[in-house]
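# Descriptive analysis of the structure
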Amino acid sequence: MKFLYKGSKKSIGQSNQDYWKDIRNFNPKWRNRARLAARMLGSEWICDIGCGRQDLSRYLQPGAVYLPSDLAAWGPEVMICDLNKREYPERYLTAADCAVFLGVFERIVDMRGVLADMSVRVEHLCISYSDADRFKPWPAEWEPGLTRVELIQAIETAGFTPEQELLFENKQVILRARSNRFTAHDQRAEARRQIVGISVPLSVRFARRINRII
């Protein structure tokens, strides 16, 4: 595989950047969710949006290429994004086979809009989402929740066909879906040729450093 204290409250419609730029706010238990999601991923190019501690990178299959993106630039390989501003890691998405969103969409104001945007940018999608029927009480700082059925409807309306589904801790759904609208296959090769300078040693050092912090 290749590697390319609580903060202030967010304003309505904005991402809480102060909170997510503090690595101490990332729960070590989330790596178990990443391990489960990795079962749905093959030896493919993967854009991990909201990568945080890059837990997913630990569990990918040999030959997978890992493209991390987040609100904070944890390292030079991390491309900045902000889904609430519809600002995407375009270069990584063009190169990727699958975009992964773990623990992200509960905090996105226009989740349906982002899903629709993804349907023309990437062929496959892998997301986790807390089922509002199972996850109680629903955190006040999250956006209004969807049930599993409503989530699937939102994914299908955006132009995706669900292909695989797993359940994490009996309350979070993990889904992989294929886009019915993606047509940019011919742009992948060029995007991949342009992605250079991804540092494995840097990512390994980063993972060790943040593990000491938490």
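The residue numbering used here restarts from 1 in each chain and proceeds along that chain's sequence as written. The model is predicted, so local features are restricted to residues of pLDDT at least 70 and side-chain atom pairs to those at 80 or more, both for listing and for counting; the totals for chains, interfaces and linings are taken over all residues. To obtain the side-chain values, all non-hydrogen atoms of the structure were used and water was disregarded.

### Notes on the overall build of the chain
Helix and strand counts for the chain stand at seven helices and eight strands. To measure how exposed things are, a 1.4 Å probe is used in the Shrake-Rupley method; for residues, cover is taken only from the protein chains shown. Counting only carbon and sulfur atoms, one obtains 49% of the accessible surface of the chain, whose full area is about 10300 Å². Here a strand is any run of E in DSSP of at least two residues, a helix any run of H or I of at least four, and the numbering for each starts at the N terminus.

### Considerations on the confidence of the model for the chain
The pLDDT score gives, residue by residue, the confidence of the prediction method on a 0 to 100 scale. Here the chain averages 85 in pLDDT, while 79% of its residues score no lower than 70. Pairs of residues are marked as contacts when any of their non-hydrogen atoms sit within 4.5 Å. Taken as a whole, residues 5-13 scores under 50 in pLDDT and shows 16 contacts with residues more than four places along the chain or in a different chain. Contacts of residues 197-214 to residues separated by more than four positions or lying in other chains number 32 contacts, the stretch itself having pLDDT below 50.

### Topic: the pairing of strand β6 (residues 124-130)
For a regular strand, the rule is simple: side chains alternate between the two faces of the sheet. In terms of residue burial, β6 counts as a mostly covered element, since seven of its seven residues are buried. Under the scheme applied here, a residue whose accessible area is under 20% of the maximum for its type counts as buried, over 50% as exposed, and between as partly exposed, the area being computed with a 1.4 Å probe on protein chains only. Residues His 124, Cys 126, Ser 128 and Ser 130 of β6 are buried on one face, and the alternating residues Leu 125, Ile 127 and Tyr 129, pointing to the opposite face, are buried as well. In this scheme, strands are said to pair when DSSP sees at least two bridges between them. Sheet topology places strand β5 (residues 98-101) next to β6; four bridges connect them, and they run parallel. Pairing of Cys 98 across the sheet is with His 124, part of β6. With helix α4 (residues 111-119) bridging β5 and its parallel neighbour β6, the resulting β-α-β unit is right-handed. When β6 meets strand β8 (residues 172-179), the two strands line up antiparallel, connected through seven bridges. Residue pairing for β8: Ser 128 is matched across the bridge by Ile 174. For crossovers, right-handed means that the path from the first strand over the helix to the second runs clockwise, given strands pointing away from the viewer.

### A word on the nonpolar core
A general feature of soluble globular proteins is that nonpolar side chains tend to end up buried together. By nonpolar core we mean a set of buried residues, namely Ala, Val, Leu, Ile, Met, Phe, Trp, Tyr and Cys, connected to one another through side-chain atoms within 4.5 Å. Formed by 38 residues in total, the largest nonpolar core has its most connected members in Phe 101, Phe 105 and Met 118. Within the residue set of this core, elements represented by two or more residues are β2 (45-49), β3 (65-70), α3 (90-95), β5, α4, β6, α5 (148-157) and β8. If sequence neighbours within four positions are ignored, Met 118 has contacts with Tyr 88, Leu 93, Phe 101, Leu 125 and Phe 160. Counting residues in each nonpolar core, the second largest holds 21 residues, with Cys 51, Trp 74, Val 78 and Phe 168 among its members.

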